[in-house]
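Report on the structure
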Amino acid sequence: MWVEEKAKPESNRRTVGMRQHFVNGLVYCTGDMVHFSRYMEDKAFIFQLVEWSMRGVARVILANNPLSGVLILGALVWASPWQALLGTLGLLTSTLTAVIIGQDSEEVSGGLHGFNGMLVSLLMGVFSSAGDWYWWLLLPVCLGGATSTFLYSGLAPLLDKWDLPVAVFPFNMVILLYLACTGSSNPYYPHHPATPLGELESNATQLSLTQLLQGVPLGVGQIYACEDLGPSVLILGATLLYSPLLGSHALLGSGAGTLAGE
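The chain carries the name Urea transporter 1 in an unreviewed UniProt entry, which gives Salvelinus namaycush as its organism. Looking at the chain in UniProt, the text filed under Subcellular location (unreviewed entry) is "Cell membrane". Under the Sequence similarities (unreviewed entry) heading, UniProt states for the chain: "Belongs to the urea transporter family."

Below, the structure is given as structure tokens:
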């Protein structure tokens, strides 16, 4: 009896210790992961570039977490390796451009010079009508990523006077210029024709509750031009990992938009 009573508290302590380690590890992986940034300060440039780039991936959803960026990039590879390649190339181009022209080191390490380049490259792939693995598209992706960094560095001092964020202004400007300079009949960079504005047609489609519920995580995935349910759920999970509050707001916003569209 004495041996059994002694073994039972020891087993309980081991279980509690494992739970505490799990909770501590989970807390370490949430938020901005400042401790990880300090750990990477004296590492080789290539490893720092990977961390900065992963933060840039997550910055698209207003997160500053390299692990969230890894999960999101994995979701993009899952959905479309070609789109993931384009996004990664635009991300690296814009980040390296910021390093070369000497942008603020804290902004670079925080991924602020990467997310616009990633969005530009992802949307170039979405609008392109040339199909996947069209290698000519890599040229405008690189140019667009670099241009977004120059626009960010130029707009930041101007908008700071009015206490306004640059946000995705560079992405919008670059992608609109790209679409304006190309067209559906362009021999090298054709894209899908834009539907002209006109009278809205009535939508007689009947949606089920299951389709509406699927639309909520899909709406979050559409931030990265992702149209698949599984990768979209993973992107939502990456958002929740960074901040449950941010993740819940993403769900509420996507749910409201889904209901409005219905």
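Now that the structure has been shown, we can carry on.
1. Topic: helix H5 (residues 81-100)
Here H5 spans 28 Å end to end across 20 residues, near enough to the 28 Å set by a 1.5 Å rise per residue. Where the residues of H5 are buried, they touch helix H3 (45-59), helix H4 (66-79), helix H6 (105-109), helix H7 (115-127) and helix H8 (138-160). After H5 finishes, the residue Gly 102 shows a positive phi value of roughly 75°.

2. Concerning the side chain of Ser 148
Topologically, Ser 148 is positioned in helix H8. In this view, Ser 148 contacts Ser 94, Asn 116, Gly 117, Pro 170 and Val 174; residues no more than four positions away in its chain are not counted.

3. Regarding the pattern of salt bridges
Applying the stated criterion across every chain, the model contains two salt bridges. Close ionic contact of Asp 42 with Lys 43 constitutes a salt bridge, the shortest N to O distance being 3.1 Å. Classification of Asp 42 as exposed rests on a relative accessible area of 61%.

4. Looking at the packing of H5 against H8
The interhelical angle for the contact between H5 and H8, taken along N-to-C directions, is 40°, at an axis separation of 8 Å. What the angle tells us is that H5 and H8 run oblique. Between H5 and H8 lies a crossing of right-handed hand. In this structure, H5 contributes Trp 82, Leu 86, Leu 89, Gly 90, Thr 93, Ser 94, Thr 97 and Ala 98 to the contact, and H8 contributes Leu 138, Val 141, Cys 142, Gly 145, Ala 146, Ser 148, Thr 149 and Phe 150. Here the residues of the contact of H5 with H8 sort into nine nonpolar, seven polar and no charged.

5. Description of unusual backbone geometry
One non-glycine residue with positive phi stands out, namely Trp 133, at about 55°. Summarising the element assignment, Trp 133 is placed in the loop between H7 and H8. A positive phi angle, close to 50°, is found at Ala 167, a residue other than glycine. Mapped onto the elements, Ala 167 comes out in the loop between H8 and helix H9 (169-181).

6. Quick notes on the environment of Ile 72
For Ile 72, the position within the fold is in helix H4. Beyond its immediate stretch of four places on either side in the chain, Ile 72 contacts Val 57, Ala 58, Ile 61, Tyr 224, Ile 235 and Ala 238.

7. Examining the UniProt feature "transmembrane region" (unreviewed entry) in the chain
Mapped onto this numbering, the UniProt entry gives "transmembrane region" (unreviewed entry) at residues 57-78, 133-155 and 162-180. Spanning residues 57-78, this segment combines 73% helix with 0% strand, and its end C-alpha atoms are found 15 Å apart. Taken end to end, residues 133-155 is 78% helix and 0% strand, and its first and last C-alpha atoms sit 33 Å apart.

8. Some words on the packing of helix H10 (residues 209-221) against helix H11 (residues 229-242)
Closest axis-to-axis distance for the H10/H11 pair is 8 Å, and the angle between their directions is 70°. It follows that H10 is roughly perpendicular to H11 by the angle criterion. Mapping the contact onto sequence places Gln 214, Pro 217, Leu 218, Val 220 and Gly 221 in H10 and Leu 229, Ser 232, Val 233, Ile 235 and Leu 236 in H11. Residues belonging to the contact of H10 with H11 are distributed by class as follows: seven nonpolar, three polar and no charged.

9. Things to note about the layout of surface pockets
Put simply, the largest pocket is a space of about 310 Å³. If you list the elements that add at least two residues to the lining of the largest pocket, you get helix H2 (34-40), H3 and H6. Counted by class, the lining of the largest pocket contains four nonpolar, five polar and six charged residues. Its boundaries defined by the atoms lining it, the second largest pocket holds a volume of some 240 Å³. Surrounding the second largest pocket, 14 residues form its lining, Ser 80, Gln 83, Val 126, Ala 225 and Glu 227 being those nearest its centre. Take the lining of the second largest pocket: its biggest share by element is three residues, from H7.

10. A closer look at a nonpolar patch on the surface
Together, Phe 45, Leu 92, Leu 96, Val 99, Ile 100, Ile 101 and Phe 150 make up a nonpolar patch on the protein surface, roughly 600 Å² of accessible area in all. Element by element, the count of residues in the nonpolar patch is highest for H5, at four residues. You can see Ile 100 is positioned in helix H5. Look at Ile 100 and you get exposed, because its relative accessible area is 73%.

About the criteria used
- Along each chain, residues carry numbers from 1 onward, in the same order as the chain's sequence is written.
- Confidence filtering applies because this is a predicted model: local features only for residues at pLDDT of at least 70, side-chain atom pairs given and counted only at 80 or more, and all residues used for totals across whole chains, interfaces and linings.
- Here the side-chain values reflect all heavy atoms present in the structure, with hydrogen atoms and water set aside.
- UniProt positions are given in the numbering used here, feature names are shortened, and annotations may be inferred rather than shown by experiment.
- Elements are defined by DSSP. Helices are runs of H or I of four residues or more, strands are runs of E of two residues or more, and each kind is numbered from the N terminus.
- Each residue after the first adds 1.5 Å to the expected span of a helix.
- Contacts are assigned to residue pairs that have any heavy atoms within 4.5 Å of one another.
- Should a side-chain nitrogen of Lys or Arg be within 4 Å of a carboxyl oxygen of Asp or Glu, the pair is scored as a salt bridge.
- Burial here depends on accessible area, computed with a 1.4 Å probe over protein chains only, as a share of the maximum for the residue type. Under 20% is buried, over 50% is exposed, and the range in between is partly exposed.
- Think of each axis as a best-fit line through the C-alpha atoms, taken over the contacting stretch in the case of a helix, with angles from 0 to 180 degrees between the N-to-C directions.
- Convention used here: angles under 35 degrees read as roughly parallel, angles over 145 as roughly antiparallel, angles from 65 to 115 as roughly perpendicular, and any remaining angle as oblique.
- We call a crossing left-handed when the near helix sits turned anticlockwise from the far one by less than a right angle, and right-handed when that turn is clockwise.
- Classification used: nonpolar for Ala, Val, Leu, Ile, Met, Phe, Trp, Tyr, Cys and Pro, charged for Asp, Glu, Lys and Arg, polar for all others including Gly.
- Site definitions follow a grid-based scheme: protein atoms alone, a 1 Å grid, a 1.4 Å probe that fits but cannot get out for cavities, and for pockets an open set with protein on both sides within 12 Å along at least five of seven lines, plus lining residues having an atom within 4 Å of a point.
- Grid points are joined across faces, edges and corners, and a volume is the space filled by probe spheres set on the points.
- A patch consists of residues exposed above 30% relative accessible area that lack any salt bridge, with like charges linked at up to 9 Å and nonpolar side chains (Val, Leu, Ile, Met, Phe, Trp, Tyr) linked at up to 5 Å.
- Accessible surface area values rest on a Shrake-Rupley calculation with a 1.4 Å probe, where residue burial reflects the displayed protein chains alone.

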